[in-house]
Amino acid sequence: MEVEIGPAGVAGRFTVRVLRSVGAGEPTSTCALDVERLLAQRHGLEDSILASSIAARRVTPAHESSLEAVGTLLFDTVFAGQVREAYRTSVAVADTRGDGVRLLLRLTAPGLAALPWESLYDREGRIYLCRKEPLLRQIGTTPSAPTLPLEPPLRVLALIASPSTLPALDVAGERARLEEALGEQVETGWIHLEWLLDASWQRLHEKLLDETWHVLHFIGHGSYDHTRDEGVLAFVRPDGRPDLVNASSFADLLHEARQRPRLVVLNACLTAAESTDDLFSGTAAALVRSGINAVAAMQFAISDKAAIAFARGFYMSLARGRAIDEAMRSGRIGILGVTRDTLEWVTPVLCVRGDDTRLFEVKPGAAPVPPIAGPVSPTGEPDPRRMERTAPADGPRDGARTRSLQVEPAEGALTVGGPTGLARRVWPRRRRVYAAAAALVLTAAGTAATLLIPDREPPAGNEITAAGPWRLLISDKMANGCDVTLTDTDTGLEELFEDVWGTKSFQMQSTGTFRWVANDPRCRVVQRPGSGNAVLPFSWKAGTGDTDVFAAPKAPGKVAVQILAFNNYAKCDFELNDAADGQLVHLGTVPRGEGPLLLEPNGRSQVYLADFKGCDIRVFAEP
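A few points on the structure. Small disclaimer: the values here were computed from a predicted structure and weren't measured.

So, how was this worked out
Residues numbered from 1 in each chain as written. Predicted model: local features only at pLDDT ≥ 70, side-chain atom pairs only at ≥ 80, totals over all residues. Heavy atoms only, no water. Helix = DSSP H or I, 4+ residues; strand = E, 2+ residues; numbered from the N terminus. Expected span 1.5 Å × (residues − 1). Buried < 20%, exposed > 50% of the residue type's maximum accessible area, 1.4 Å probe, protein only. Arc of directions from axis to C-beta. Contact = heavy atoms within 4.5 Å. Axes fitted to C-alpha atoms, helices over the stretch in contact; angles between N-to-C directions. Left-handed = near helix turned anticlockwise from the far one by under 90°. Nonpolar A, V, L, I, M, F, W, Y, C, P; charged D, E, K, R; others polar. Salt bridge = Lys/Arg side-chain N within 4 Å of Asp/Glu carboxyl O. Pairing = 2+ DSSP bridges. Disulfide = S-S within 2.5 Å. Core = buried A, V, L, I, M, F, W, Y, C linked by side-chain atoms within 4.5 Å.

## Here's the deal with helix α4 (residues 81-96)
Then, in step 1: With 16 residues, α4 extends 23 Å from end C-alpha to end C-alpha; this agrees with the ideal 22 Å at 1.5 Å per step.
Then, in step 2: Residues Val83, Ala86, Tyr87, Ser90 and Ala94 constitute the buried set of α4. Here the buried residues of α4 occupy an arc of 100 degrees about the axis, which is enough to place them on one side. Relative to its buried face, α4 has exposed residues pointing more than 90 degrees away, namely Gly81, Gln82 and Thr96.
Then, in step 3: The secondary structure elements touched by the buried residues of α4 are β2 (13-20), β3 (28-32), α3 (64-78), β5 (121-122) and α5 (129-132).
Then, in step 4: Positive backbone phi, approximately 70 degrees, marks Gly98, located one or two places after α4.

Structure follows, in structure tokens:
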């Protein structure tokens, strides 16, 4: 059933036309709707929707009354008289056919797009329409493109754009959430997921020209351009500042693709919150009008759990050849699984072109092929995996570590390309440590070297020789994420640096000869002599790896860490290490809004802060 809602020529009144139905013809009616009053309730409604995901023991969800009231008002206003009769008849006809009614809404009056039409509630049937059957927002009458034959995997390119002068995004958290949502589908071969961090116009252009993508998933900032009457998205310039791209220009860029993406998913923050125009529908409408088949977005803020559940259900359904409206409903049903009282299923919005919602058709007999290089590792943490330690502060440091975050490349770094034999097939951490320990024991006993070869020997790589403390710089120029394994050639002990984005620096105390291998030839590994020389007080940005070494305050002084920016994190964890041997000296946590954190040097003369989560800090001495 296709329904158009547009201006009736009088303020506050609208024309409702049934353009198509299987019921009682194509009636037209007029209705009165106070759009401004409904828009004024958006913030309170959003708070209720988010609060509904907090588990509680109750028979009737306390937060649902406001959503049900808005949904009832919209339904009773629009579906009145002959329009309601057409809807009831369509439902009855569909039921006799064992089918359902797909509702397409075409909104042509300013302000209507910002209303939560997904909340439409039929009191007589006691149902929210979008939970029973698909509900879509149709943009224009342009015919849909033919269905694309799909042989798995569904190729998804995820873009993260976080310009330096806009509120910082939780880049690691956003990535972790989407990877957790799609982890199973990536592992089984239904979905191929790649990331483009600090997305710029040029880098996306290159990616579209080089490869085929079925879906673009955008994470970043957006606004609404009233002069052009369309949304804008904030990409990143080479200098890190925002590059505001209007939706029509973005659509032109997408047309450069070898095969234009059929679907764009928008997860963007509205920076002009006072606007009565809805960012997502504005941007979505422009993209769909330009030829993109479908655009999915969120009309309200959404919790992490609901976002993961939606993405899992949505992409799982889409990868199996379901129509986009069916995939949208699967995403809503996925959200319902988070907690039975949640209302966040109302948050997703789908705008489509034409009336054919089947974007992909899985080829008969096609089966997913698991990726050779291994799946995306799902993680429940909203931040990158940290360095693992099992030894106490006064004991030996563990022999393996995992670190990650993204930063800007260091200037003047001498770089060399590396081998790619690792290809993400790293040994399990426990096996690495045990193999190295066994090698040391057998060597001490004089056992033949041929008996010391582990079950999978890492390929040979570039060598680094260090006669004193040094820093290891790892750079990922192509934003694919670098995995680097560093092996001590004398002991066989390995250290794994996993999922390094941008450029990061790590303090290294061990001397000798080391061999390194990387999972991608575009990864760069650089040796820097010395450990740096920071002077208190100094500032340090998140994602730059270990801080430079600095002189610890003399007793009873302490190292103070003041948070300059939490960058959307609820807390920041810090570890103070001894520069001489890398041993953990003291650790602590700073919850949001608190600080400074005082760390005890415990008699060490030279110390540094180990790679930490996404908080910008200032370090100084506390007497």
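## Overview of the packing of helix α10 (residues 304-319) against helix α11 (residues 324-336)
Then, in step 1: At a minimum axis distance of 7 Å, the contact between α10 and α11 shows a crossing angle of 145 degrees. The handedness of the crossing between α10 and α11 is right-handed. Where α10 approaches α11, its residues Ala306, Ala309, Phe310, Gly313, Phe314, Ser317 and Leu318 are matched on the opposing element by Ile324, Glu326, Ala327, Met328, Ser330, Gly331, Arg332, Gly334 and Ile335.
Then, in step 2: For the contact of α10 with α11, the residue count by class is nine nonpolar, five polar and two charged.

## Some thoughts on the pattern of salt bridges
Then, in step 1: Evaluated as defined, the whole model comprises 24 salt bridges.
Then, in step 2: Close ionic contact of Lys207 with Glu194 constitutes a salt bridge, the shortest N to O distance being 3.2 Å. With a gap of 13 residues between them, Lys207 in helix α7 (residues 201-210) and Glu194 in strand β10 (residues 191-197) connect regions that are remote in the sequence. Glu194 carries the same exposure label as Lys207, and that label is buried.
Then, in step 3: Close ionic contact of Lys504 with Asp611 constitutes a salt bridge, the shortest N to O distance being 2.7 Å. Separated by 107 residues along the polypeptide, Lys504 in strand β22 (residues 494-508) and Asp611 in the loop between β31 (606-609) and β32 (616-622) bring together distant segments of the chain. The two residues Lys504 and Asp611 agree in class, both being buried.
Then, in step 4: Members of the salt-bridge network, linked through shared partners, are Glu2, Glu4, Arg17, Arg20 and Arg106.

## Regarding the sheet that holds strand β27 (residues 558-565)
Then, in step 1: Read from one edge to the other, the open sheet built from four strands follows the order β25-β32-β27-β30, with strand pairing classed as antiparallel. Strand pairing shows two members of the sheet lacking a second neighbour, β25 (538-540) and β30 (597-599), which therefore form its edges. Taken over all neighbouring pairs, the strand axes of this sheet differ in orientation by 30 degrees on average, direction set aside.

## As for the state of the cysteines
Then, in step 1: Tallying each qualifying case throughout the model produces two disulfides.
Then, in step 2: The disulfide partner of Cys482 is Cys523, and the gap between their sulfur atoms is 2.1 Å. Looking along the S-S bond of the Cys482-Cys523 disulfide, the torsion reads about -105 degrees, which is the left-handed sense. One end of the pair, Cys482, is in strand β21 (residues 482-488); the other, Cys523, is in strand β24 (residues 523-529), with 41 residues separating them in the sequence.
Then, in step 3: For the chain, the disulfide bridges join cysteines in the arrangement 1-2, 3-4, where the cysteines are counted in sequence order.

## Some points on the environment of Ala467
Then, in step 1: Relative to the helices and strands, Ala467 is located in the loop between β19 (462-466) and β20 (470-476).
Then, in step 2: Placed 46 residues apart in sequence, Ala467 and Thr513 show a C-alpha to C-alpha distance of 8.8 Å.

## What to know about the nonpolar core
The nonpolar side chains of a soluble globular protein tend to be buried with one another.
Then, in step 1: Residues Trp117, Leu120, Leu154, Phe314 and Tyr315 are the most contacted members of the largest nonpolar core, which totals 85 residues.
Then, in step 2: If one sorts the elements of this core by residue count, α10 sits on top with eight residues.
Then, in step 3: Ranked by size, the runner-up nonpolar core spans 33 residues in total, among them Leu204, Leu208, Val264 and Val349.

## Quick notes on the sheet that holds strand β28 (residues 571-578)
Then, in step 1: Read across the open sheet, the four strands follow the order β26-β31-β28-β29; overall the sheet is antiparallel. The strands lining the two open edges of the sheet, one partner per strand, are β26 (550-551) and β29 (584-591).
Then, in step 2: When β28 meets β29, the two strands line up antiparallel, connected through seven bridges. Bridged to Phe574 within β29 is Gly588.

## Structural notes on the packing of α7 against helix α8 (residues 247-254)
Then, in step 1: With their axes 10 Å apart at the nearest point, α7 and α8 run at an angle of 35 degrees to one another. Of the residues in α8, those in contact with Trp201, Leu204, His205 and Leu208 of α7 are Ser249, Phe250, Leu253 and Leu254.

## Brief notes about unusual backbone geometry
Then, in step 1: A cis amide bond links Pro152 with the next residue in sequence, Pro153, at an omega value of 15 degrees.
Then, in step 2: By the element assignment, Pro153 lies in the loop between β8 (148-150) and β9 (154-160).
Then, in step 3: Each neighbour pair has its own omega, and for Leu536 with Pro537 the value is -5 degrees, a cis peptide bond.
Then, in step 4: Position of Pro537 among the secondary structure elements: in the loop between β24 and β25.
Then, in step 5: With a phi close to 45 degrees, Asp198 is a non-glycine residue in the positive phi region.
Then, in step 6: Within the secondary structure, Asp198 sits in the loop between β10 and α7.

Functional significance is not addressed by these values, which are geometric in nature.
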